[in-house]
Structures are given as structure tokens and as C-alpha cells.
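What follows is each chain in one-letter form.
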Amino acid sequence: MKNNSYRGHIAMLSANIMWGCMAPISKAVLQSGINPFALTTFRMLGAAIAFWIASLFTPKENVPPKDLALLFFAALFGIVLNQGSFILGVSKTSPIDASIVTTTTPIITMIIAAFYLKEPVTGKKVMGVFIGALGALLLIMGSQQVANGNASNNIWGDLLCLQAQISFSIYFVLFKELISRYSPITIMKWMFIYASVCCIPFSYRQITAIDFSSLPYTVFLGIGFVVLGATFIPYLLISIGQRILRPTVACMYNYIQPIVASVLAVLWGMDHFGPIKIIAVILVFSGVYIVTQSKSRADIEKENNL
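What comes next is a walk through the structure. (Residues numbered from 1 in each chain as written. Predicted model: local features only at pLDDT ≥ 70, side-chain atom pairs only at ≥ 80, totals over all residues. Heavy atoms only, no water.)

**Observations regarding the packing of aromatic side chains**
Going by this rule: Centres within 6.5 Å are what make two rings of Phe, Tyr or Trp a pair, Trp counting through its six-membered ring; a difference in plane orientation under 30 degrees is then read as stacked, over 60 as edge-to-face, and the rest as tilted.
Within the structure shown, the criterion is met by 14 aromatic pairs. Here a set of aromatic residues connected by ring pairs shows up, and it is made of Trp19, Phe51, Phe168, Tyr171, Phe172, Phe175, Phe192, Phe232 and Tyr235.

Here it is in C-alpha cells:
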């Protein structure tokens, strides 16, 4: 059991390091002229192909029609709305802002779990949610105040990134049982094929308008990383962590993303880390820490039985 726990923690840590790299790399690709919807489709279709190829080398699993239908809705929340909103949000905000917003996922997950899984709402949770929300609001308002016609400082970009985290939190909580029934390869090959089918009709024109022959090789490398390094491998690892760890524990690793993204963005001259963002990070991290330190329903039931 302990070995499985270690596997879950390592999987979540590795996945979030890769996702932390995605914000600045995606920003660089988008700045080269690639449309956000086109990049999202590249990401989904590329991952779908990778997972289907991987499935040829793993044991086949029969998924009944009922679960296939559930996987469609899992794909909507876990991939389509999550990835689509995030890529579009990154195109309108800075990599650091986008990665800071991802740290709200544990708080959002705790709120959803309180309603869906009947997790107790304690004083610590209420305090943590308030502090974390204050940090996110400070970040968004700060971005709006410093906006000077620059798309990298746009409140809508931050809100789209927040929407992406809400969608991913819903996926984490509502579909945990479904994800546990099948292997990660089986789950992801169906989810990404569904996601691709949903997105291609809306991005076909943007994709056909791209002059691929004029793009520098660095753009293709960036797209390759988004497809494999920020999608195929992380989603494979996430499904492993999701099977082993509780949703709130798994989401705690979102803390890693802004650290990685901030370092890369500053090194590449894409952004700066000012006082407002530092205060926002402290508030969000503090809120998440307080929330995750509160007792779960299992802990309370265990104490009551003693």
C-alpha cells in the first residue's frame, strides 16, 4: 500500500512539473502565430494517436457502452473544457498568471467534494477557501490594473484559466471511480478521441490557414512538447495518481506548476514577478495549505469510533 502511495506521489509530481513547463512553451508557440484552437486540437489529436498506438502494446480491455458514455463526459470536463480554456487563457494572459491560477484547483476540488462526496465543511476549509479566493481575486484585479493594451495582461485570460481549473476539479471528483476501473491507457485513448472529435469541427479553418512551411523548427519542437511532454505523458501519470491518491491530495501538486512556469518565463523574458503576484501567490498557497490540513470525513468518522 505504501509503495502504491509513493507511485501516486511520484506520478503527480512528475506530471505537474511537465505542466509547469507547458505555460511558457505554449505561450511561445502561440506568439509564433499558431491559433489557440489549432494548438488545442494538435494537443488532443496528437495525444489520441499516441494513446491508441500505446494501446496496441498493452492488454485489451472491454469497455461497456455505459462506461463509454461516461468517458465522453469525463473527456468534456477533463480535456475539452480544461485544455481548451487553458490554452485560450494562456494566449490572453502571462505564463506566470496562468500557472498561479492553477493553484486554486485544490480549493475548488475541496468545495466540489464537499457537495458530491459529502466531505465535512470545517472552519479551516472556510478560512482556506476565503484566503485562496482573495489571492486569486488580487491576481486578476492586479492584471486588469496593469493592462496597457497588452494581451498578456488580460483579465479574461485569468478567468479562462480559472474555468479550466474548475472543469478539471469536476473531472477529478466525479469520475474517480470510473477511472479506477480501467488501465490508464484505455481511459485516455477513449477520452482523447472523444475530445478530438469535439474540437476538430471548431478548429478546422484555423488549422488549414497555417503556413507550416514558413514556421521555424522551434515551433514544431514546441508543439511536440505540448503533445507529448505536456499531454501524453502527464495524463498517463495523472490517471495513475488519480487511482491511488485522494482527489485533494493529488491536486496539492498543482503548487509545482507556478514555480516551474515562473522560472522559465522570467529566464525567457516573457514576464516579470512583481509584488502583487508575490502577495497573490502567498495568499493562494496559504489558502490551499489551510484547506488540505482540515480533517476529511474519514478522519472524523475514525475519531468518532474511538
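**Describing the side chain of Asn16**
Rules: To qualify as a helix, a DSSP run of H or I must reach at least 4 residues; to qualify as a strand, a run of E must reach at least 2; elements of each kind are numbered from the N terminus. N or O atoms closer than or at 3.5 Å make up a polar contact, with two conditions inside protein: a donor-capable atom paired with an acceptor-capable one, and, for residues adjacent in sequence, both atoms drawn from side chains. Between two residues, a contact is recorded if the distance between any of their heavy atoms is within 4.5 Å.
By the element assignment, Asn16 lies in helix 1 (residues 2–31). Here the side chain of Asn16 touches Met12 through a polar contact of 2.8 Å, landing on its backbone oxygen. Discounting residues that sit within four places of it in the chain, Asn16 has contacts with Tyr253, Asn254, Ile256 and Gln257.

**Topic: a nonpolar patch on the surface**
Condition: Patch construction takes residues with relative accessible area above 30% that form no salt bridge. Like charges are linked within 9 Å, and nonpolar side chains (Val, Leu, Ile, Met, Phe, Trp, Tyr) are linked within 5 Å. Using a 1.4 Å probe, accessible areas were evaluated by the Shrake-Rupley method; residue-level cover was limited to the displayed protein chains. Only one rule defines a salt bridge in this text: a Lys or Arg side-chain nitrogen within 4 Å of an Asp or Glu carboxyl oxygen. Burial classification: accessible surface area is computed with a 1.4 Å probe over protein chains only, and a residue below 20% of its type maximum counts as buried, one above 50% as exposed, and the rest as partly exposed.
Residues Leu45, Ile49, Ile53, Leu56, Phe57, Ile200 and Tyr204 make up a contiguous nonpolar surface patch of roughly 760 Å² in combined accessible area. Top element by residues in the nonpolar patch is helix 2 (residues 36–55). It accounts for three residues. As for its position among the elements, Ile53 is in helix 2. On the basis of relative accessible area, Ile53 is assigned to the partly exposed category, the value being 46%.

**Description of the packing of helix 7 (residues 155–174) against helix 10 (residues 217–244)**
Which entries qualify depends on this criterion: In this analysis an axis means a line fitted to C-alpha atoms, helices contributing only their contacting stretch, and an angle means the value between N-to-C directions, from 0 to 180 degrees. Working rule for angles: under 35 degrees goes down as roughly parallel, over 145 as roughly antiparallel, 65 to 115 as roughly perpendicular, anything else as oblique. Note: crossing handedness is left-handed where the near helix turns anticlockwise from the far helix by less than a right angle, and right-handed where it turns clockwise. Residue classes follow a fixed rule: Ala, Val, Leu, Ile, Met, Phe, Trp, Tyr, Cys and Pro count as nonpolar, while Asp, Glu, Lys and Arg count as charged, and any other residue, Gly among them, counts as polar.
At their nearest, the axes of helix 7 and helix 10 sit 11 Å apart, and the two run at 45 degrees to each other. In terms of orientation, helix 7 and helix 10 fall into the oblique class. Note that helix 7 runs across helix 10; the crossing there is right-handed. Across the interface between the two elements, Phe168, Tyr171 and Phe172 from helix 7 touch Tyr235, Ile238 and Gln242 from helix 10. Of the residues contributing to the contact of helix 7 with helix 10, the split by class is five nonpolar, one polar and no charged.

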